[in-house]
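Residue strings, one per chain:
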Amino acid sequence: MKKFPAVLSAVLFFLATSLFASLFAPAAAETVDLTILHINDFHGHLMPTPGKDGKPGTGGMAYIAKMVSEEREKNPEGTLLLSAGDMFQGTPISNLFRGKPVIEAMNRMGFDAMTLGNHEFDWGMDAFQNLRKAAVFPFLSANIVDDKGALLPGVKPYAVFQKKGVKIAVIGVTTPETQYTTKAGNIKGYHVLAVEKALPPLIEKVKKEGAGLVIVLSHIGLDEDRNMASQVGGIDLIVGGHSHTEVKTTVVAGSTIIVQAGYYGNYLGVLKITVDTDAKKIVQYPERRILRKVKAGPNDPFDADVAGIIKKYDDQIRGEFGRVVGETRVDLRKRPFESNIGNLVCDAMRKAARSEVAIQNNGGLRTSIPAGKITLEQIYTLLPFDNNLMTMDLTGAQIVDILEYNAKTEGMLQVSGLRVVYDLAAPEGSRVKELSIGGKPVNRSHIYRVTTNDFLAAGGDRFGMFREGKNAVVGDDIREAVLDYLKKHSPVSPRIEGRIVVTP
Amino acid sequence: MSEDKMTVYVNGREVSIHRGLKVKHALIACDQSLYDAAEAGDLAVRDASGFNVGLEGSLHDGAKLYTGKPDE
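Not measured: the values here are computed from a predicted model.

### Quick notes on the overall build of chain B
Of the regular secondary structure elements, chain B holds 2 helices and 4 strands. Listed N to C, the secondary structure of chain B is β-β-α-α-β-β in terms of helices and strands. For chain B, the C-alpha radius of gyration of 11 Å lies close to 11 Å, the compact-globule estimate for 72 residues. Taking the principal axes of the C-alpha coordinates as reference, chain B spans close to 40 × 25 × 20 Å. Evaluated residue by residue, chain B yields a buried proportion of 42% over its 72 residues.

### Describing unusual backbone geometry
All names here are of chain A. With an omega dihedral of 0 degrees, the bond running from S490 to P491 counts as a cis peptide bond. Mapping P491 onto the fold places it in the loop between α14 (478-489) and β28 (500-503). The residue after T503, namely P504, is reached through a cis peptide bond having omega -5 degrees. You can see P504 is positioned in the segment after β28. A positive phi angle, close to 60 degrees, is found at Y264, a residue other than glycine. Following the sequence through the fold, Y264 ends up in the loop between β13 (256-260) and β14 (267-276). On the basis of neighbour counts, which here come to 23 C-beta atoms within 10 Å, the residue Y264 falls in the buried class. Unusually for a residue other than glycine, F337 sits at a positive phi of about 50 degrees.

### Comments concerning helix α8 (residues 222-231) of chain A
Within the sequence span of α8(A), burial applies to L222(A), E224(A), D225(A), M228(A) and A229(A). End-on, the buried residues of α8(A) take up no more than an arc of 155 degrees, which puts them together on one face.

### Describing the interface of chain B and chain A
Facing the 22 residues of chain B at the interface are 28 residues of chain A. Secondary structure elements with two or more residues in the side of chain B that touches chain A: β2 (13-18) and α1 (23-30) of chain B. Here the side of chain B that touches chain A is built from residues that sort into 7 nonpolar, 11 polar and 4 charged.

### A word on the sheet that holds strand β8 (residues 166-174) of chain A
Residue and element names in this part refer to chain A. Taken in spatial order, the 6 strands of this open sheet run β7-β8-β10-β11-β13-β12, and their pairing is mixed. The open sheet has two edge strands, β7 (158-163) and β12 (251-253), and neither has a second partner. Taken pair by pair, the neighbouring strands of this sheet meet at an average axis angle of 25 degrees, ignoring direction. In terms of strand pairing, β12 meets β13 through 3 bridges, oriented antiparallel. By the bridge assignment for β13, V252 is matched with I257. Lying on the sheet, helix α7 (residues 195-208) is in contact with β7, β8 and β10 (213-219); it crosses β8 at an angle near 165 degrees. Sheet contacts for α8: β10, β11 (237-240), β12 and β13; angle to β13, the most-contacted strand, approximately 165 degrees.

Here is what the cut-offs are and how they apply
Residues numbered from 1 in each chain as written. Chains lettered and ligands numbered in written order. Predicted model: local features only at pLDDT ≥ 70, side-chain atom pairs only at ≥ 80, totals over all residues. Helix = DSSP H or I, 4+ residues; strand = E, 2+ residues; numbered from the N terminus. Rg over C-alpha atoms; globule rule 2.2 N^0.38 Å. Buried ≥ 20, exposed ≤ 12 C-beta atoms within 10 Å, placed from the backbone. Arc of directions from axis to C-beta. Contact = placed C-beta atoms within 7 Å. Nonpolar A, V, L, I, M, F, W, Y, C, P; charged D, E, K, R; others polar. Pairing = 2+ DSSP bridges. Axes fitted to C-alpha atoms, helices over the stretch in contact; angles between N-to-C directions.

In structure tokens form, the structure reads like this:
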């Protein structure tokens, strides 16, 4: 009998034992690499934000689009592009066209899904639905419901994507603050459920349907995302927004990873994860380099198609700004204490909020307007700040305190709905000699509904008394209130009519 | 604290603002010069974890904000 050489025997023995081991040892884990691209709180910033001191700009949707394409090329079958909400409101190019240019760009870029932010409702339900219908990707929010528990028309609680054999469920949630951070009536008939109530049944459902990865696309803020991760089981990844946080190192809460990409498109979130398809969990993720700065310098590449969409709307802005939005029969001029332009703006604020009194600071009124047709550009120049109406309860005594401080500032405030007589020769704190509201003498203990802007409501220009107000609600952008007033009342002829009388 | 107000902390100083207001409002309520500097890009605003936050960022009761030199 011929014998095997010793070396050959050893090789055969090794092969046999290796084969045995591979047959009976547990199979190696099956993993896939996925790329989650995300932005949030874009607020209509289609154009780059100019850099400071001559440095190159950042952001801009055409630059983001190019980065998205480059990332997709690296992982064509395993990439998701998500938005965590508040995409539209915030810049003239987006506001003037009610978000249409943003949706067109998002469609072109191939967004997979977007969750609803509180600012998605700033232009009312009709404008929101127009955007939703124009989108070729799903709008998600699982926790905005009516009294019967039905979601907003056309809005889905979640969407499911199949990537490299992994079923990925993306569930949308919106901040409960939406109820008081958008004008009352904009989501009339709907309320926002707490996420810990809305999510568990949905997570159970998508897991039963075979989801291998559960992503919550959240617009509730980073700290609330942390709370959600600790209170709701089964979430693998939270892609967040609302707090405008640049999460530059991965946040981990329990077994949930949390990311967020700042604001205004200054960063693109790029999260590369490895998923164990059997265990259905993320087994690898980066701890840093998860945000990529969107550079918009002269040599940085951009997507020509998206740039074309933006240019199309930018070219129309000039014409839009030249649009006549009203008419005045008198020159509208600003001055300390009472002015006719201040009266006009405050009347518009009071009407929009249906309140008893409106108060606006002179610093927020930036130009005069001559008699004649009024263009949209003049309204933007008059009111360049993105201030919102804030309406709150103040007592008569608190209103007196505000007006006393106004005397110290030499007439910073403009008013509607009240008449005040000052004696500037009197000692500080006793200069308000007469005050009537709605034509009746002020009652110091009576509660009045007062509208101001968010700057004064926060105590700006040292008017801290507004911070004492109660039951404050956010309203329209002040420009919108003035535009609406001009539309209804033009031609206007506001005059100085003795709302603020200064003696001696 | 009533339900319609939030208490937030700016550089350790407690300020009370209306609910729904934002990072910029907390700075204004604390010290308007902080807001002016942040708006001009001369100051960065960070949360309790040290992450930069935008001036329009949301707040919640108990939120902590810190101002400091912007990142290079």
